[in-house]
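What follows is the residue order along each chain.
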Amino acid sequence: MESLYLLIPIAIVFVIIAVVVFFWAVRSDQFEDLERQGMNVLLDDDDPKAKHPNQSPTKPTQPTQPTKDDEQSS
């Protein structure tokens, strides 16, 4: 029974902290756009032209000119 004298004030402090954090989040527009993040999952972002940050740029291959040695061996 004596532990309730300690546990009830601790629970009240936790509730007050949770309410303060909730109102801070509402006032700082944390709940402004709830739909966008859910829709981002559904959007197709598999654009082949998009460069991923972990891919190195590839150089286009240039056709090689036949050398004199190649022409003589034919």
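Residues numbered from 1 in each chain as written. Predicted model: local features only at pLDDT ≥ 70, side-chain atom pairs only at ≥ 80, totals over all residues. Heavy atoms only, no water.

Asks: Got a minute to help me understand the overall build of the chain in this structure?
Replies: Helix and strand counts for the chain stand at three helices and zero strands. Shown N-terminal to C-terminal, the secondary structure of the chain runs as helices and strands in the order α-α-α. Here the chain holds 74 residues, and 1% of them are scored as buried. By element, 61% of the accessible surface of the chain is carried by carbon and sulfur atoms, the whole surface being about 8,000 Å². (Helix = DSSP H or I, 4+ residues; strand = E, 2+ residues; numbered from the N terminus. Buried < 20%, exposed > 50% of the residue type's maximum accessible area, 1.4 Å probe, protein only. Areas by Shrake-Rupley, 256 points an atom, 1.4 Å probe, with all protein chains shown as cover.)

Asks: What exactly am I supposed to notice about the confidence of the model for the chain here?
Replies: Detailed reading of the predicted coordinates is not advisable wherever pLDDT is low. Looking at the chain as a whole, the pLDDT averages 78, with 59% of positions reaching at least 70. Confidence, expressed as mean pLDDT per element, reaches its minimum in the chain at helix H3 (residues 68–73) with 64 and its maximum at helix H1 (residues 4–27) with 95. (pLDDT = per-residue confidence, 0-100.)

Asks: What should I look at first to understand H1 in this one?
Replies: Residues separated by three or four positions in an α-helix point in the same direction, a consequence of the helix having 3.6 residues per turn. The end-to-end C-alpha distance of H1 is 34 Å, a good match for the 34 Å that 24 residues give at a rise of 1.5 Å each. Asp29, located one to two residues past H1, shows a positive phi value of around 60 degrees. (Expected span 1.5 Å × (residues − 1).)

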